[in-house]
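Structure at a glance
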Amino acid sequence: MDKRTRRFFRFIATMAIVATVLSTQAPNVLAVTQPHPDRELNQEAIKKQLQVEGVEQVENGVKLNLSSDQSGFIRLFSEDMAKVSILKQGDNEYFSEAIQKKDWDTPSFEFSEQGNEITLSTKEITIKIKKEPFGVKFLDKEGNVINEDYMQNGSGYDGEKPYVYKKTTDDEAFYGFGEQGGLNVNQRGESIGMFNTDAYAYQTDTKYLYTSIPFFIGLKDEKAYGIFFDNTNRSYFEMASESDDYYYFYADDGTLNYYFMYGPEIEDVLDSYTELTGKMDKPAKWALGLHQSKWQYSAEDIERVAETYREKEIPVDTMHFDIDYMDEYRVFTWADKFGDQELHQKLDNLNFNKITINDPAVKKDPGYFMYDEGTENEYWAKNPDGTNFVGEVWPGDSMFPDFSQKKVREWWTGKHDILFDKGIDGVWNDMNEPAVFDGPYHTMPLDVTFGKGENKRTHEEYHNLYGHDEAKATYDAFEEFKPNTRPFVLTRDMYAGSQRYAALWTGDNVSQWDHLQMSIPMNTNVGLSGVPFVGNDIGGFAGRPDAEMFARWIEVGAFLPFSRIHYDADEKAEVEQGQEPWAFGQEVEDISKKYIEMRYELMPYLYNTFIDASEQGTPVQQPLVYQFQEDKNTHDVSDQFMFGESMMLAPVVKQGQTERNVYLPEGETWVDYWTGEEFEGGQTVHTNAELSHLPIYVKKDSMIPTREVQQYTGEKPLENLVLDTYLSDEASYSFYEDDGATLDYKDGEYNVTNFNLERKGKHIEFTSNQEKTGYDTELDSYTLKLNGEKAPEKVQAAKAKYENVNSVEEVKVNQETYFFDEGSKTLYVNVPADERHKVKLFFK
Ligand code: MIG
């Protein structure tokens, strides 16, 4: 479809929705909210090209005097990262709130100027700047072009709009862009827009969702680069949507500046991008457990659901309190029933963590402390005439805190004791687009203002940052009231860099099969945008799933980085249907329990995957292309994903399907997790997948740390770590451990233990060594679990002979023992954690 046809269909779809809304007044109507219309670039204006009129070398790059009284800076921040800025007269170089690191050590680089070309080169990249017309080209150290301006249109300003055109080739793929709809992970061909929107019941083709991350990764000739267009205004990315020769991005206003970072591996790009915009913190372990939520759970429901989980022994960590817990939606208050001490005591006794929602809007209600304090201190967003902006949200007429101001954020931060005093462990920020029921396009008018004096910004410019700053204020509350506790903030809206403060859930999705399918490309692209901690409402928020859909959804949901079942109020549903694991009958309950238990078993692996995320910006839920960019067949795979480094999941995401094809990436041998059958990579295999079956493939030569199931993450100390291993030649794992709850790791209270298993002719050798000790661990043994082995003749560490026992249970509790399970061909060996000798497993 060309652009015009697509637009026509979008128009028809919009009219259809409008017609439905007008024809029925039923509350269950699914509606998508869209912002004000897109603004296109003026094709005439962009034909006027910039020229370089003067060149000056500066400390970390070059300053250019450009035509039209503009100036340019190209600065090197590292060997493989540069920033390009083009400024109108009088404008300064720009850094938004996304940027965490501004002081970079200038890499050594060479500068030269010859004829029509200026060259900057570091050890890793060369930047060639063409003077007439102005254009930028990035090359790798072998001289291959990684990325270059599309010289017919170049870059510059169309009036207020900064734009950049880039050349592309047919096979270039694009990833990232934060939260995007659609069923394809590769965003080539897409028209993308960024303006945070409360898109209730969005569909696969909805252009504007909640979160704006103007960052993407280009993959060309199997080499990756990243571009971060740091502009908080509404921005647009036309990714070869008009022509296969170019793509372009622009914004409604603001400065032309972008960061370019070279890979060549996607993981290098992400590491640089998250060094620039910040990495997520090490998470609180409880937040990696399952969460349960519903809009309009009563206080009794919350208690009953929590109890039922424990009775049925389905693991879960957290109950959420949605907006009804407040006193008539007044933020930072409690309605009696929900604030009731007995309820909180009950949940505490059942070992639940608790999260409350929090909305930004403050009820306009003289006498209510939030309203009075905010009004007296002038904390509200303002109309252009200086009066306070008032808009309608859940509490009725409301005021909107101006989170752009530090003192307003501090005030907001300081109110969280009202939640924490009830034992609340995490805070969920909703409606922070900000959503305004009676505002134009469901938000504030664009000319509402934030900030004061020279920091004054319009809503139009600040819009995409509103959620970011609210998340920051919320995050800071943990330091203020829960020092030495790891924060957990969940937000609906983000800008680039918000991963420093919060996890993301993808808003009001729908109980539809295509939503389950869409969640995979959506989350994996969020992961490729620096935000590893992401999830979707399991089962769908709007509407209700049937049993089959819920079963398939929990199979995916149990492996989401953020795993929460959440659903819409009953009054909007067409059928009476709960969304707890037991609400669909015994079969689905069993399926739910099986996969939720698996998440808890995999907790050491999941936690370590999050540690990598916090250290290198690694996504937790990864598209196949992340690890296998050299294998072209992975570039468009959108219905499979890597759960961490070693496990590949190929869930069924279509109704009625009980079998599917699975692509196994090249360069690995893959083991069917359930049967042990092995497959060479580089082929598509076919597998059965009846309702209870989630196809999982594990990389050969990988080691996956697991543990016994717990009913909640802190139930039992980790005493025996199971190293689930699929050994061909050699498998290793670097295992990180800390308390999972406090900030003591910052003072060195953590351990890193390196495990290695190696096949040496007729025996296998296991070694472990402590790379770092600082945490007082309770781990006293490891169970090696070797899949697909033979019975050993003996197992020995130096002089100590291990005893052959008769069951898995026995092995796990007795050090220096082993057991071979003939049926499953699995060998178990219990090694004391303080074993300093090699453990040798001898075979005939
Ligand atoms: O206008 O708090 O996305 O998760 O349950 C709806 C009620 C407000 C939207 C959130 C949803 C939440 C609901 N909220």
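The sections below set out a description of the structure shown in this document. Please read all numbers here as calculations on a predicted model, not as lab measurements. Residue numbers restart at each chain and count upward from 1, following the sequence in its written direction. Confidence filtering applies because this is a predicted model: local features only for residues at pLDDT of at least 70, side-chain atom pairs given and counted only at 80 or more, and all residues used for totals across whole chains, interfaces and linings. Excluding hydrogens and water, the side-chain figures rest on all heavy atoms present in the structure.

**Some words on the sheet that holds strand E5 (residues 110–114)**
By the convention used here, strands pair only if DSSP detects at least 2 bridges between them. Each helix is a run of H or I in the DSSP string that is no shorter than four residues. Each strand is a run of E no shorter than two, and both are numbered from the N terminus. Spatial strand order, E5-E6-E7-E8-E9: 5 strands in an open sheet with antiparallel pairing. Edge positions in the sheet fall to E5 and strand E9 (145–148), since each of these pairs with one other strand and no more. Sheet twist, expressed as the mean angle between neighbouring strand axes with direction ignored, is 15 degrees. Sheet topology places strand E6 (residues 117–121) next to strand E7 (residues 125–130); 5 bridges connect them, and they run antiparallel. Across the sheet, Leu-120 pairs through a bridge with Ile-127, a residue of E7. Axis geometry follows a simple rule: fit a line to the C-alpha atoms, using only the stretch in contact for helices, then measure angles between N-to-C directions, giving values from 0 to 180 degrees.

**Here we look at the nonpolar core**
Ranked by internal contacts, the top residues of the largest apolar core, which has 188 residues, are Phe-228, Phe-559 and Met-647. Considering each element in turn, this core owes the most residues, 7 residues, to helix H14 (residues 603–616). Throughout this description, the term nonpolar core refers to a set of buried Ala, Val, Leu, Ile, Met, Phe, Trp, Tyr and Cys residues connected via side-chain atoms within 4.5 Å. For the exposure calls, accessible area comes from a 1.4 Å probe over protein chains only, and a residue counts as buried if that area is under 20% of its type's maximum, exposed if over 50%, partly exposed in between. The next biggest cluster of nonpolar side chains, apart from the first, holds 39 residues, and it includes Val-84, Phe-138, Phe-229 and Phe-249.

**Digging into the pairing of strand E13 (residues 191–194)**
Across the two faces of E13 the burial is the same, with Ser-191 and Gly-193 and Ile-192 and Met-194 all buried. As paired strands, E13 and strand E16 (residues 235–238) are joined by 4 bridges and run antiparallel to one another. Residue pairing across strands places Gly-193 opposite Tyr-236, the latter belonging to E16.

**Digging into the site of the ligand**
Taken together, 13 residues form the shell around the ligand, and within it Asp-322, Asp-430, Arg-492, Asp-508 and His-566 come nearest. Trp-394 places a polar side-chain atom, nitrogen or oxygen, 3.1 Å from an oxygen atom of the ligand. Under the rule applied, a polar contact is a pair of N or O atoms within 3.5 Å (in protein, one hydrogen donor and one hydrogen acceptor; residues adjacent in sequence only if both atoms are side-chain atoms). Residue Arg-492 places a side-chain N or O atom 2.8 Å away from an oxygen atom belonging to the ligand. Each accessible area value is a Shrake-Rupley result obtained with a 1.4 Å probe; residue values ignore everything except the protein chains displayed when judging cover. Coverage of the ligand by the protein chains reaches 95% of its 350 Å² of free accessible surface. The criterion for a residue being near a molecule or strand is simple. One of its heavy atoms has to lie within 4 Å of it.

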